[in-house]
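Chains, contacts and geometry: an overview
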Amino acid sequence: MEEIGDALDRAAPRHFTQPLPKSAQARMRALVKALKGDTAATAARLGVSRRTVERYLKGQRKHPRAALHEALERELHKVWQPGIRRKARRRAAGTGGITVEVRAYFGFTAPAGTTDEARLRPLTVRLPPAYAERLFAAQDKGEDEEKLREIMAEGFQEVYFKQGGRAAGLEVEFTGIEAIDVAY
């Protein structure tokens, strides 16, 4: 499950200056354009046939089924206004950082070898720009969810659990995420 990657993608629309197109045809056209005119790649991302994409482009179909409607909106959000998205990410990675609101199980190991059982913690933490930069770089390189989880756990470890120097040797890891939201 792509929890952290999806949370990073969900944060970008807050910065968009233009709304998504309204009609299915306009949305399909925008998605195909963002994918450089490749209707086969568009069909693969949406989980439909190439012919279905072409029908929406021509206006032969106007009302997608619920699954296609959700997939179209989700995929269009990923590619809509790439310049605005880059600018917001650059700002977060340069000076702003990211705010992560999470309800997750955190486990940690102290240097003496004692282990606390993972327990559910609701946290809202502002991670510094260095962690935002690492998260965005890992996501752009196509790293898996486990790598994103490691980077975020390291950020929580330094900022929240160690508070910039306390508890030297403390190791923190996510053992399960129930809900996560990111803002930048």
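Above this note sits the structure.
Only a predicted model underlies this, so the values are computations on that prediction, with no experimental measurement involved.

So, about a positive patch on the surface. On the surface, Arg 86, Lys 87, Arg 90 and Arg 91 cluster together into a positively charged patch. Tracing the sequence through the fold places Arg 90 in helix α6 (residues 82-96).

Below, the discussion takes up helix α3 (residues 39-46). Buried within α3 we find Thr 39, Thr 42, Ala 43 and Leu 46. Along the long axis of α3, the arc covered by the buried residues comes to 100°, so they all point the same way. Buried residues along α3 sit in contact with α2 (24-34), α4 (50-58) and α5 (66-79). Between the side-chain oxygen at the start of α3 and the backbone nitrogen of Ala 40 there is a gap of 3.1 Å, and the oxygen is on Asp 38. Backbone geometry just downstream of α3 places Gly 47 in the positive-phi region, at approximately 75°.

Turning our eyes to something else, we now look at the environment of Lys 22. Note that Lys 22 resides in the loop between α1 (3-11) and α2. Between the C-alpha atom of Lys 22 and that of Gln 157, which follows or precedes it by 135 residues, the distance is 43 Å.

Close contact between α2 and α4 brings their axes to 8 Å; oriented N to C, the two are set at 120°. Classified by the angle their axes make, α2 and α4 are oblique. The interaxial crossing formed by α2 with α4 has left-handed handedness. Facing α2, whose interface residues are Ala 24, Gln 25, Met 28, Arg 29 and Val 32, α4 presents Val 53, Tyr 56, Leu 57 and Lys 58. Residue composition of the contact of α2 with α4, by class: six nonpolar, one polar and two charged.

Next up on the list: a negative patch on the surface. A surface patch of like charges, here negative, comprises Asp 144, Glu 146, Glu 150, Glu 171 and Glu 173. Sorting the residues of the negative patch by element identifies α8 (145-161) and β3 (171-183) as the ones contributing at least two each.

Per the counting criterion, the structure on display carries 13 salt bridges. Among the salt bridges present, the one from Arg 149 reaches Glu 3, with a minimum N-O distance of 2.5 Å. Remark: Glu 3 occurs in helix α1 and Arg 149 occurs in helix α8; sequence separation between them is 146 residues. Glu 3 matches Arg 149 in its accessibility class, with the two residues each being buried. Its salt-bridge partner being Glu 54, residue Arg 50 comes within 3.7 Å of it at the nearest N-O pair. With Arg 50 and Glu 54 both in helix α4, this residue pair falls four residues apart, about one helical turn. Residue classification places Arg 50 among the partly exposed positions, given a relative accessible area of 47%. Here the residues in one salt-bridge network are Arg 45, Arg 74, Glu 75 and Lys 78, joined through shared partners.

Cut-offs and rules
- Residues numbered from 1 in each chain as written.
- Predicted model: local features only at pLDDT ≥ 70, side-chain atom pairs only at ≥ 80, totals over all residues.
- Heavy atoms only, no water.
- Patch = residues over 30% accessible without salt bridge, like charges linked within 9 Å, V, L, I, M, F, W, Y side chains within 5 Å.
- Areas by Shrake-Rupley, 256 points an atom, 1.4 Å probe, with all protein chains shown as cover.
- Salt bridge = Lys/Arg side-chain N within 4 Å of Asp/Glu carboxyl O.
- Lys, Arg positive; Asp, Glu negative; His and termini not counted.
- Charge placed at Lys NZ, Arg CZ, Asp CG, Glu CD.
- Helix = DSSP H or I, 4+ residues; strand = E, 2+ residues; numbered from the N terminus.
- Buried < 20%, exposed > 50% of the residue type's maximum accessible area, 1.4 Å probe, protein only.
- Arc of directions from axis to C-beta.
- Contact = heavy atoms within 4.5 Å.
- Polar contact = N/O pair within 3.5 Å; in protein donor to acceptor, adjacent residues only side chain to side chain.
- Axes fitted to C-alpha atoms, helices over the stretch in contact; angles between N-to-C directions.
- Parallel < 35°, antiparallel > 145°, perpendicular 65-115°, else oblique.
- Left-handed = near helix turned anticlockwise from the far one by under 90°.
- Nonpolar A, V, L, I, M, F, W, Y, C, P; charged D, E, K, R; others polar.

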